[in-house]
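Inside the fold
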Amino acid sequence: MAQQTKTDDQILRQLDGYFRSALDHPTWRAYREHARSCYAYREGDQWTAAERAELKVRGQPETTNNQVKVTLDRMVGQFVRQKTRLGFRGRTPNDTGGAEALTDVFRYIRQSTDLEFEERDLAEDGFTGGF
């Protein structure tokens, strides 16, 4: 049975369809709708313009008890504490040298790219935005 090859145009249309279906997924729609307010709320920007105007009329300050930031900080701290160091093992005793080399390479990559800090930032963004 002969295998049909797709033209470049067919492949591009297929990839475009995949991309559009991902954009239209309910999870991504909800994220785009609520993400800005989630990040603003974390930073303490929790008052609407109407609420600020009302407080100004009353002569009250904008006081904020940001329990969201406290919760996010706890979750990020828990993520950081649960970090484990990855190591490789060979399938057989003869593979020990290769496994140790891979472990050393991975450790070098983590240290030289500050991966632990990037992972922490990604976790904080994920917790804030809902991913």
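Here we summarise the structure given alongside this text. Nothing here was measured: the structure is a model prediction, and the numbers come from that model. (Residues numbered from 1 in each chain as written. Predicted model: local features only at pLDDT ≥ 70, side-chain atom pairs only at ≥ 80, totals over all residues. Heavy atoms only, no water.)

A word on the overall build of the protein chain
- Of regular secondary structure, the protein chain possesses 6 helices and 0 strands.
- Tracing the protein chain from N to C terminus, the helices and strands come up as α-α-α-α-α-α.
- Taking 131 residues into account, the globule formula puts the C-alpha radius of gyration at 14 Å, and the protein chain, at 24 Å, lies well above it.
- For the protein chain, the spread of C-alpha atoms along the three principal axes comes to 75 × 45 × 20 Å.
- Burial status across the protein chain gives 11% buried among its 131 residues.
- Entry remark: accessible area of the protein chain is about 11200 Å², with carbon and sulfur atoms responsible for 54%.
- Across the protein chain, 20 positive and 21 negative side-chain charges occur, with their mean positions spaced 3 Å apart. (Helix = DSSP H or I, 4+ residues; strand = E, 2+ residues; numbered from the N terminus. Rg over C-alpha atoms; globule rule 2.2 N^0.38 Å. Buried < 20%, exposed > 50% of the residue type's maximum accessible area, 1.4 Å probe, protein only. Areas by Shrake-Rupley, 256 points an atom, 1.4 Å probe, with all protein chains shown as cover. Lys, Arg positive; Asp, Glu negative; His and termini not counted. Charge placed at Lys NZ, Arg CZ, Asp CG, Glu CD.)

Focus: the packing of helix α2 (residues 26–42) against helix α6 (residues 115–129)
- Across the interface, α2 lies against α6 with an axial gap of 8 Å and an inter-helix angle of 115°. It follows from the interaxial angle that α2 and α6 lie roughly perpendicular. Contacts between α2 and α6 involve Tyr31, Cys38, Tyr39 and Arg42 on the former and, on the latter, Glu124, Asp125, Thr128 and Gly129.
- Taken together, the residues of the contact of α2 with α6 sort by class into 3 nonpolar, 2 polar and 3 charged. (Axes fitted to C-alpha atoms, helices over the stretch in contact; angles between N-to-C directions. Parallel < 35°, antiparallel > 145°, perpendicular 65-115°, else oblique. Contact = heavy atoms within 4.5 Å. Nonpolar A, V, L, I, M, F, W, Y, C, P; charged D, E, K, R; others polar.)

Let's talk about the layout of surface pockets
- Computed from the structure, the largest pocket encloses a volume of approximately 190 Å³.
- For the largest pocket, the full set of lining residues is Lys83, Thr84, Arg85, Leu86, Phe106, Arg107, Arg110, Gln111 and Glu116.
- Here the lining of the largest pocket gets 4 residues from one element, more than from any other, and that element is helix α5 (residues 96–112). (1 Å grid on protein atoms, 1.4 Å probe; cavity = no way out; pocket = protein on both sides within 12 Å on 5 of 7 lines; lining within 4 Å. Points joined across faces, edges and corners; volume = space filled by probe spheres on them.)

A few points about the pattern of salt bridges
- One pass over the structure, following the stated rule, counts 14 salt bridges.
- Taken together, the shared-partner salt bridges connect Arg42, Glu43, Lys69, Asp73, Arg120, Asp121, Glu124 and Asp125 into one network. (Salt bridge = Lys/Arg side-chain N within 4 Å of Asp/Glu carboxyl O.)

Here we look at the environment of Gly129
- Inspection of the secondary structure puts Gly129 in helix α6.
- Overall, Gly129 belongs to the buried group, its relative accessible area being 14%.
- Taking the C-alpha atoms as reference points, Gly129 and Arg74, separated by 55 residues in sequence, lie 16 Å from one another.
- Contacts of Gly129, omitting those with residues within four sequence positions, involve Tyr31 and Tyr39.

Comments concerning the side chain of Thr128
- Here Thr128 lies in helix α6.
- On the basis of relative accessible area, Thr128 is assigned to the buried category, the value being 7%.
- Among the polar contacts made by the side chain of Thr128, one reaches the side chain of Arg42 at a distance of 3.0 Å.
- Residues within four places of Thr128 in sequence aside, it is in contact with Cys38, Tyr39, Arg42 and Leu72. (Polar contact = N/O pair within 3.5 Å; in protein donor to acceptor, adjacent residues only side chain to side chain.)

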